[in-house]
Amino acid sequence: FVQAFIVFAKLSSGDRTVGSYYDRGDLWRMTKRIVLPWCVLSVVFAALGFRYEHTTEWVWNLGAFGPGSYYLALYLISYFALPLLWLGLRRCGAWALVVGCVGAVAAEVLFPTLLSSVRVPALVYRCTPVRYLGVFALAFAAVTSWSRLERRRERAAVFALMAVSLALAVVGSIWPSCRLPAPEDYGWWICHLPYYVFPCGLSLMVLYAFRKRPLPRAVSLLGRSTWYVFLAQMLFYACLAK
């Protein structure tokens, strides 16, 4: 949500253009900040003796292990797709959220069928942003409807949707038989559209809370370091599991 929100906010405000995301200079900056630290960590995994059983897993996980080891592939696909998705949603005008959510549901239904012949469908599913299309649609709506949170009624509506979404997730985790019917998701049922609203709403509320004042230094430092924190936890839990 935050990745999509930042991209859509910069594009909507005119701070960035769609083409800038594919500019060689920007691609190199993204590579230095995101890809190269990941490559260093992959070398560490190799030095520690981690091994893959199948080449397919190595390709999709790009050499990493542990929680979120598929995330670089997911991030990179999203990086290139989000500006184009913004163009499409912008053309939908007031119907952007509806079109985005309907498209997300349709993709969730069709995608498992396309993966039926793949060797490790669950891995491919995790590495592609199909299950996050609903998140992207909500991020677009949050950017384009930002000012509406100034009114108490709109904030109450967001809180209510978050409460319902969290309740669905809790009920679904405690009583699996009560989960909302969903297409094949390879065990990642909690990531589907009905459950998106709580984490997206929470992120939006945090962003809203800091909209008119400078971030505390500690929060800003943490925000700029989240990728490295993520890489550290991935290494820590991979070693712990081993």
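Shown above is the structure to which this text applies.
Numbering of residues starts from 1 in every chain and runs along the sequence as written. Local features in a predicted model are, by the rule used here, given only for residues with pLDDT of at least 70; side-chain atom pairs are given and counted only at 80 or more, and totals for whole chains, interfaces and linings are based on all residues. Based on all heavy atoms of the structure, the side-chain values leave hydrogens and waters out of the count.

Attention now goes to the overall build of the chain. Helix and strand assignments follow DSSP, with helices taken as H or I runs no shorter than four residues and strands as E runs no shorter than two, numbered in order from the N terminus. Looking only at helices and strands, one finds 10 helices and 0 strands in the chain. Beginning at the N terminus, the succession of helices and strands in the chain can be written as α-α-α-α-α-α-α-α-α-α. In terms of principal-axis extent, the alpha carbons of the chain reach across some 55 × 45 × 35 Å. We call a residue buried when its accessible area falls under 20% of the maximum for its residue type, exposed when it is over 50%, and partly exposed in between, using a 1.4 Å probe and counting protein chains only. The burial tally for the chain puts 37% of its 242 residues in the buried class. When the accessible area of the chain is evaluated, it comes to approximately 14,000 Å², of which 68% is carbon and sulfur surface. For accessible areas, the Shrake-Rupley method is used with a probe of radius 1.4 Å. Any residue's cover is judged against the shown protein chains and nothing else.

Another point: the nonpolar core. Nonpolar core, defined: a set of buried Ala, Val, Leu, Ile, Met, Phe, Trp, Tyr and Cys residues in which side-chain atoms within 4.5 Å join the residues together. Formed by 51 residues in total, the largest nonpolar core has its most connected members in Phe1, Phe8, Trp38, Phe45 and Met234. In terms of residue count, helix α4 (residues 71–91) provides more of this core than any other element does, 8 residues in total. In terms of nonpolar packing, the next biggest core, distinct from the first, is built from 6 residues, Ala107, Phe111, Tyr125 and Val130 among them.

Any carboxyl oxygen of Asp or Glu within 4 Å of a side-chain nitrogen of Lys or Arg constitutes a salt bridge here. Tallied over the full model, the rule gives 2 salt bridges. The partner of Asp26 in a salt bridge is Arg16, and the shortest N-O contact between them spans 3.2 Å. Of this pair, Asp26 sits in helix α2 (residues 24–47) while Arg16 sits in the loop between α1 (2–13) and α2, placing them 10 residues apart in sequence. Residue Arg16 is classed as partly exposed on the basis of its relative accessible area, which comes to 22%. Where Arg29 meets Asp26, a salt bridge forms, and the shortest distance between an N and an O atom there is 3.0 Å. Of this pair, Arg29 and Asp26 both sit in helix α2, 3 residues apart, which is roughly one turn of that helix.

Tracing the backbone shows Ala232 in helix α10 (residues 217–241). Along the backbone, Ala232 and Ala139 are 93 residues apart, and their C-alpha atoms lie at a distance of 27 Å.

Before going further, it helps to examine the state of the cysteines. We call a pair of cysteine sulfur atoms a disulfide when they lie within 2.5 Å. Scanning all chains against the criterion turns up 0 disulfides. Here Cys101 is not disulfide-linked; the sulfur of Cys200 is the nearest cysteine sulfur, at 9.7 Å. Residue Cys200 is classed as buried on the basis of its relative accessible area, which comes to 5%.

Take the packing of aromatic side chains next. Classification of ring pairs rests on two measures: the distance between centres of Phe, Tyr or Trp rings, Trp counted by its six-membered ring, which must be within 6.5 Å, and the angle between planes, read as stacked under 30 degrees, edge-to-face over 60 and tilted in between. Counting across every chain of the model gives 17 aromatic pairs. With 5.4 Å between their ring centres and 25° between their planes, Trp227 and Phe230 make a pair best called stacked. You can see Trp227 and its partner Phe230 sitting in helix α10, 3 residues apart, about one turn around the helix. For the pair shown, Trp227 and Phe230 are each scored as buried. An aromatic cluster of three or more residues is present, and its members are Tyr21, Tyr22, Trp38, Tyr71, Tyr75, Tyr79, Phe80, Trp227 and Phe230. Note on criteria: charge over ring means Lys NZ or Arg CZ within 6 Å of the ring centre, with the direction from the centre no more than 35 degrees off the ring normal. A cation over an aromatic ring shows up here: Arg16 above the ring of Tyr21, its NZ or CZ 3.9 Å from the ring centre.

Next up on the list: unusual backbone geometry. Phi is positive for Leu62, which is not a glycine, with a value near 55°. As for its placement among the helices and strands, Leu62 is situated in the loop between α3 (55–61) and α4.

Its 12 residues place the ends of helix α7 (residues 133–144) 17 Å apart at the C-alpha level, agreeing with the 16 Å of an ideal helix rising 1.5 Å per residue. Among all positions of α7, only Gly134, Val135, Phe136, Ala137, Leu138, Ala139, Phe140, Ala141, Ala142 and Val143 are buried. The contact rule is simple, with two residues in contact once any of their heavy atoms fall within 4.5 Å. Here the buried face of α7 lies against α1, α4, α5 (96–114) and α9 (193–209). A helix's residues, less one, multiplied by 1.5 Å, set its expected span.

Time to look at the packing of α1 against α4. Working convention: axes come from line fits to C-alpha atoms, limited for helices to the stretch in contact. Angles between N-to-C directions cover 0 to 180 degrees. Relative to each other, α1 and α4 sit at 30°, their axes nearing to 10 Å. One way to sum up the angle between α1 and α4 is to call them roughly parallel. α1 and α4 meet at a crossing whose hand is right-handed. Residues Gln3, Ala4, Val7, Phe8, Leu11 and Ser12 of α1 form the contact with α4, whose own contacting residues are Tyr71, Tyr75, Ser78, Tyr79, Leu82, Pro83, Leu85 and Trp86. Here the contact of α1 with α4 is built from residues that sort into 11 nonpolar, 3 polar and no charged. Working definition: roughly parallel below 35 degrees, roughly antiparallel above 145 degrees, roughly perpendicular at 65 to 115 degrees, and oblique for all remaining angles. The handedness criterion is simple: a crossing whose near helix is rotated anticlockwise from the far helix by less than a right angle is left-handed, and one whose near helix is rotated clockwise is right-handed. Residues are grouped as follows: Ala, Val, Leu, Ile, Met, Phe, Trp, Tyr, Cys and Pro are nonpolar; Asp, Glu, Lys and Arg are charged; all remaining types, including Gly, are polar.

Helix-helix packing: each pair is described by the crossing angle between the helix axes and the interaxial distance. Packing of α2 against α4 brings their axes to within 11 Å, and their N-to-C directions diverge by 170°. Taken together, the axis directions place α2 and α4 in an arrangement best described as roughly antiparallel. For the pair α2 and α4, contact is made by Asp26, Leu27, Met30, Ile34, Val35 and Trp38 and by Tyr71, Leu72, Tyr75, Leu76, Tyr79 and Phe80, respectively. When the residues that make up the contact of α2 with α4 are grouped by side-chain class, the tally is 11 nonpolar, no polar and 1 charged.

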